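A look at the structure
Given next are the chains, with one letter for each unit.
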Amino acid sequence: MISVLIIIGSIIMVGNIIAYIRFIRTSTDVMLSGKRGEPIWEKIGLALLVFFLLGYLGVAFWGKPDLLMAGILFFGAIFVSLALVLLYHLVDTLKDRSIEVAETLIGVIEARDSNLNGHSRNVQMLSMCLYKHLPAFMKEGISPVSFEYAALLHDVGKLGVPESILNKPGKLDDEEWDVMKQHPKIAMDLLRTLPSFDEIKEWILYHHERMDGKGYYGLPGEDIPMAARIIAVCDTYSAITMRRSYKDKRTHEEAMDIIKDVSGSQLDPDIVAVFMTIPKEELQACTPETVDF
């Protein structure tokens with residue numbers, strides 16, 4: 001009985017350490033970054049878990065544990081597991097609530113402009129849908145939480161663009177277009193004071209770059225962050241399929257044809273290839289409710 005408790009407890013502690021390491025690696029996002037002290041606390045937490053395991057094994061193999069000691073060690077391992085589960089749940093809840101607040105704020109902001117109403121939420125939902133379908137190597141280094149924030153906030157810089165330009169019913173002239181092209185940089189300026197958003201700033205800044213280097217800032221192909229290239233595909237689909245003051249919305253099929261036409265020149269062909277495999281119903285389900293006043 002004593003040996004069984006010790007073996008099971010040891011396995012649980014090894015599992016706790018593995019789960020904690022995975023948690024640290026997958027939680028490098030806007031919710032947990034930007035504070036210098038956090039890596040230290042992460043290492044301290046890991047060190048305590050390892051110390052507990054070594055102490056556990058030391059007592060088990062070099063001491064003479066009785067049933068009481070084996071029970072204390074076993075339930076100690078269970079307690080650590082429950083504490084970690086609670087930590088993971090609290091972090092996930094915090095992330096969900098903060099995303100909901102950001103979504104509401106963006107929705108209210110966009111409701112002022114018929115050309116933007118619902119667009120950012122649409123791009124956010126499309127981006128997470130596409131992210132889910134991407135192969136692992138394309139998602140490497142892109143935290144899903146950070147990516148969701150970047151997709152949601154990709155057009156927040158349009159707060160600095162005059163409404164006369166945003167709501168213009170016809171095409172923009174060269175001077176107006178130069179102003180419109182500043183919105184990614186304005187977004188950078190808005191987020192500059194928030195260290196937690198450092199990871200996603202370039203994703204937002206470069207989401208209008210093109211594979212042929214003819215985008216807003218002339219950044220070509222592989223130099224464009226992968227997350228920005230993913231958002232660009234979803235932003236294009238959303239812009240085509242949502243109604244604007246200067247054009248009617250297009251169908252899913254028309255949007256897919258246009259995206260295929262610009263694949264390789266404007267959009268990353270590998271990402272487009274994955275996007276094309278997503279069922280129509282799944283993409284159309286990403287259309288959000290708009291905010292009406």
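This section reports on the structure supplied with the text.

Reading guide: rules and limits
Residues numbered from 1 in each chain as written. Predicted model: local features only at pLDDT ≥ 70, side-chain atom pairs only at ≥ 80, totals over all residues. Heavy atoms only, no water. Helix = DSSP H or I, 4+ residues; strand = E, 2+ residues; numbered from the N terminus. Buried < 20%, exposed > 50% of the residue type's maximum accessible area, 1.4 Å probe, protein only. Contact = heavy atoms within 4.5 Å. Areas by Shrake-Rupley, 256 points an atom, 1.4 Å probe, with all protein chains shown as cover. 1 Å grid on protein atoms, 1.4 Å probe; cavity = no way out; pocket = protein on both sides within 12 Å on 5 of 7 lines; lining within 4 Å. Points joined across faces, edges and corners; volume = space filled by probe spheres on them. Nonpolar A, V, L, I, M, F, W, Y, C, P; charged D, E, K, R; others polar. Salt bridge = Lys/Arg side-chain N within 4 Å of Asp/Glu carboxyl O. Axes fitted to C-alpha atoms, helices over the stretch in contact; angles between N-to-C directions. Parallel < 35°, antiparallel > 145°, perpendicular 65-115°, else oblique. Left-handed = near helix turned anticlockwise from the far one by under 90°. Phe/Tyr/Trp six-rings, centres within 6.5 Å; stacked < 30°, edge-to-face > 60°. Lys NZ or Arg CZ within 6 Å of the ring centre and 35° of its normal.

Considerations on the overall build of the chain
Each helix and strand counted, the chain has 14 helices and 0 strands in total. Scanning the chain from its N terminus toward the C terminus, one meets helices and strands in the order α-α-α-α-α-α-α-α-α-α-α-α-α-α. Here the chain, with 293 residues, has 44% of them falling under the buried criterion. For the chain, restricting intrachain contacts to residue pairs at least 6 apart in sequence, the fraction spanning at least 24 positions comes to 70%. Carbon and sulfur atoms provide 63% of the accessible area of the chain, an area that totals close to 16000 Å².

As for the side chain of glutamate 176
By the element assignment, glutamate 176 lies in helix α8 (residues 174-180). Exposure remark for glutamate 176: the relative accessible area of 18% places this residue in the buried category. Among all residues touching glutamate 176, those that are not within four sequence positions of it are Ile165, Lys168 and Lys171.

Observations regarding helix α6 (residues 144-152)
Counting buried positions along α6 yields 7 of 9 residues, so the element is predominantly enclosed. Buried positions along α6 lie against α3 (67-110), α4 (119-133), α10 (198-205) and α11 (226-241).

Observations concerning empty space enclosed by the protein
Inspection of every chain in the model, using the stated rule, returns 1 cavity of 30 Å³ or more. In terms of lining, the largest cavity is formed by Glu209, Met211, Ile224, Ala228, Arg229, Ala232, Gln266, Leu267 and Asp268. For the lining of the largest cavity, the residue count by class is 5 nonpolar, 1 polar and 3 charged.

Here we look at the pattern of salt bridges
The tally for this structure, following the rule as stated, stands at 11 salt bridges. Lysine 201 serves as the salt-bridge partner of aspartate 198, at 2.8 Å between the closest nitrogen and oxygen. With a gap of 3 residues between them, aspartate 198 and lysine 201 both fall in helix α10, about one helical turn apart. The exposure class of aspartate 198 is partly exposed, given its relative accessible area of 47%. Take lysine 201: its relative accessible area is 10%, and that puts it in the buried class. In this structure, the salt-bridge partner of aspartate 257 is lysine 260, at a minimum N-O distance of 3.9 Å. Placement of the pair is aspartate 257 and lysine 260 together in helix α12 (residues 252-262), with a separation of 3 residues, close to one helical turn. By relative accessible area, lysine 260 is classed as partly exposed at 49%. Residues joined by salt bridges that share partners form a network here, namely Lys185, Asp189 and Arg192.

Concerning the packing of α12 against helix α13 (residues 269-276)
α13 packs onto α12 with a crossing angle of 160 degrees between their chain directions and a minimal axis gap of 10 Å. Judged by the inter-axis angle, α12 sits roughly antiparallel to α13. Here α12 runs over α13; the crossing is left-handed. Note on element contacts: α13 touches α12 through Val272, Phe275 and Met276, opposite Met256, Ile259 and Lys260. The residue makeup of the contact of α12 with α13, split by class, is 5 nonpolar, no polar and 1 charged.

Here's the deal with the packing of aromatic side chains
Going through the model one piece at a time under the given rule, you end up with 6 aromatic pairs. Arranged with centres 6.1 Å apart and planes meeting at 85 degrees, the rings of tyrosine 206 and tyrosine 217 form a pair that is edge-to-face. Remark: tyrosine 217 occurs in the loop between α10 and α11 and tyrosine 206 occurs in the loop between α10 and α11; sequence separation between them is 11 residues. We classify tyrosine 206 as buried; its relative accessible area is 18%. For the pair tyrosine 237 and phenylalanine 275, a centre-to-centre distance of 5.4 Å together with 65 degrees between the ring planes defines the contact as edge-to-face. Within this pair, whereas tyrosine 237 is found in helix α11, its partner phenylalanine 275 is found in helix α13, the two being separated by 38 residues in sequence. Judged by relative accessible area, tyrosine 237 falls into the buried class, the value being 4%. Lying across the ring of tyrosine 131, lysine 139 places its NZ or CZ 5.0 Å from the centre.

Remarks on the packing of α6 against α10
As a packed pair, α6 and α10 sit with axes 9 Å apart at the nearest point and diverge in direction by 45 degrees. Relative to α10, α6 is oriented oblique. In the crossing of α6 with α10, the sense of the turn from one axis to the other is right-handed. Within the contact between the two elements, α6 uses Ser146, Phe147, Tyr149 and Ala150 and α10 uses Glu199, Ile200, Trp203 and Ile204.

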